[in-house]
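# Descriptive structure summary
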Amino acid sequence: MKIYFVMSTILFLLFMILFNCHFQIETPLNAQDYASIVVEFDWMQDYDLEDFNYNNTQFSFDYVYDAFADVGLTFHIIGDPVRIPPYNQYDPSYPYFPETNDRLLRNYAKAYDCDSLSWHLLSVNSSTTYKINGIFIAGRSTNLNNGPNVSPTPANERYSMIFTQDIIDYNANNPSIIVPYLVTMAVHELGHQRAGLTDATAYSIYHDLNFNCVMHYFSPITLNPRFCKDITGANQESSCKQNIEDNYGNF
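These notes cover the structure that comes with them. (Residues numbered from 1 in each chain as written. Predicted model: local features only at pLDDT ≥ 70, side-chain atom pairs only at ≥ 80, totals over all residues. Heavy atoms only, no water.)

### Observations concerning the environment of Cys-228
Tracing the backbone shows Cys-228 in the loop between helix H6 (178–195) and helix H7 (240–246). Accessibility expressed as a relative area gives 0% for Cys-228, which makes it buried. For the pair Cys-228 and Val-71, spaced 157 residues apart in sequence, the C-alpha separation works out to 8.6 Å. When neighbours within four sequence positions are excluded, Cys-228 is seen to be in contact with Tyr-206, His-207, Asp-208, Phe-211, Cys-213, Ser-239, Cys-240 and Lys-241. (Helix = DSSP H or I, 4+ residues; strand = E, 2+ residues; numbered from the N terminus. Buried < 20%, exposed > 50% of the residue type's maximum accessible area, 1.4 Å probe, protein only. Contact = heavy atoms within 4.5 Å.)

### Some thoughts on the packing of aromatic side chains
One pass over the full model with this rule turns up 11 aromatic pairs. Pairing Phe-59 with Phe-61 gives two aromatic rings, centres 5.1 Å apart and planes at 85°, and the pair type is edge-to-face. As far as the burial class goes, Phe-59 and Phe-61 line up, both buried. For the pair Phe-68 and Phe-75, a centre-to-centre distance of 5.1 Å together with 20° between the ring planes defines the contact as stacked. As far as the burial class goes, Phe-68 and Phe-75 line up, both buried. (Phe/Tyr/Trp six-rings, centres within 6.5 Å; stacked < 30°, edge-to-face > 60°.)

### Points about the side chain of Asp-42
Inspection of the secondary structure puts Asp-42 in strand E1 (residues 36–43). Within the structure, Asp-42 has its side chain in polar contact with the side chain of His-120 (distance 2.5 Å). Among residues more than four places away in sequence, those in contact with Asp-42 are Asp-80, Val-82, Arg-83, Ile-84, Tyr-112, His-120, Leu-121, Leu-122 and Ser-123. (Polar contact = N/O pair within 3.5 Å; in protein donor to acceptor, adjacent residues only side chain to side chain.)

### Comments concerning the nonpolar core
Of all hydrophobic cores here, the largest spans 40 residues; its most connected members are Phe-59, Val-64 and Phe-227. Ranked by residues supplied to this core, first place goes to H6 with 10 residues. Contact partners of Val-64, with chain neighbours within four places excluded, come to Phe-59, Phe-75, Val-183, Ala-186, Val-187 and Leu-190. Judged by nonpolar contacts, the second largest core, of 13 residues, contains Tyr-47, Leu-105, Ile-137 and Tyr-159. (Core = buried A, V, L, I, M, F, W, Y, C linked by side-chain atoms within 4.5 Å.)

### Overview of unusual backbone geometry
Although it is not a glycine, Asn-56 adopts a positive phi angle of roughly 65°. Among the secondary structure elements, Asn-56 is positioned in the loop between strand E2 (53–54) and strand E3 (57–58). The phi angle at Asn-149 is positive, at roughly 60°, despite the residue not being glycine. By the element assignment, Asn-149 lies in the loop between strand E8 (139–141) and strand E9 (160–163). Assessed through its relative accessible area of 8%, Asn-149 is described here as buried.

### Looking at the packing of helix H2 (residues 61–69) against H6
Put simply, H2 and H6 touch, their axes get as near as 9 Å, and they point 45° apart. Relative to H6, the element H2 is oriented oblique. The hand of the H2/H6 crossing is right-handed. Contacts between H2 and H6 involve Tyr-63, Val-64, Ala-67 and Phe-68 on the former and, on the latter, Val-183, Ala-186, Val-187, Leu-190 and Gly-191. (Axes fitted to C-alpha atoms, helices over the stretch in contact; angles between N-to-C directions. Parallel < 35°, antiparallel > 145°, perpendicular 65-115°, else oblique. Left-handed = near helix turned anticlockwise from the far one by under 90°.)

### Describing the pattern of salt bridges
Opposite charge on two side chains permits pairing when their charged atoms draw close. According to the stated counting rule, one finds 3 salt bridges in the structure shown. Through salt bridges with shared partners, a single network forms among Asp-70, Arg-226 and Lys-229. (Salt bridge = Lys/Arg side-chain N within 4 Å of Asp/Glu carboxyl O.)

### Quick look at the sheet that holds strand E4 (residues 74–79)
Reading across the sheet, the 5 strands line up as E4-E1-E5-E9-E8 and stay open at both edges, with mixed pairing between neighbours. At either margin of the open sheet sits one strand with a lone partner, and together these are E4 and E8. If you compare each strand with its neighbour and ignore which way they point, the axes differ by 20° on average. In this structure, strand E5 (residues 119–124) lies alongside E9, joined through 4 bridges in parallel fashion. Within E9, the position partnered with Leu-122 by the bridge is Met-161. Along the sheet, H6 contacts E1, E4, E5, E8 and E9; its crossing angle with E9, the most-contacted strand, is approximately 160°. (Pairing = 2+ DSSP bridges.)

Structure below.
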């Protein structure tokens, strides 16, 4: 046994020398290196954002990637080859689906989620009734009332929807804004989904009000939306960047 151990040790050392191997203790990765978001993207027929060109402007998820990269997240989109059906094929008895019923909205998203990823983005045609209390609703995300800046749980109930046809219809008189509107809403809704980010309009203490934060209802519609990263007001508590960092591990 002793001879076998010695021979094994000699062979191992020779292997290390010949192949220039060496022991090395890896430096722990910075926490933000884990702060990625991998999203399953699904769409109804004719609403594939990756193939969406309107008024000679091409939608690109690169704009969405850039918004998240700006606050330290690596972003990936994975398309599912199986398209999702219209609402009426899911629940024909509910004509004003989905925005007037969060349960139906969530169940619809879950029904067409591959379950292999925590995050889910859906591009769908229309919510039918796209105004609530006179406010235009361009998208919705998981609303499980976990509190401000807390990632939605459980993982298979995390979703964001973009009401693509509603955005087209709502901006019919200003077609040049449609693609920037889709980009802005994708970033906004994924902000809700990724870290439970609040709307600046309702929760001003969590945003830099001197910055055109994408989480503000009235932020500029642009191909280059950004999250707020600094806090400048005396009554402010934390920025989008700070809250995303705090939630980096909540996958």
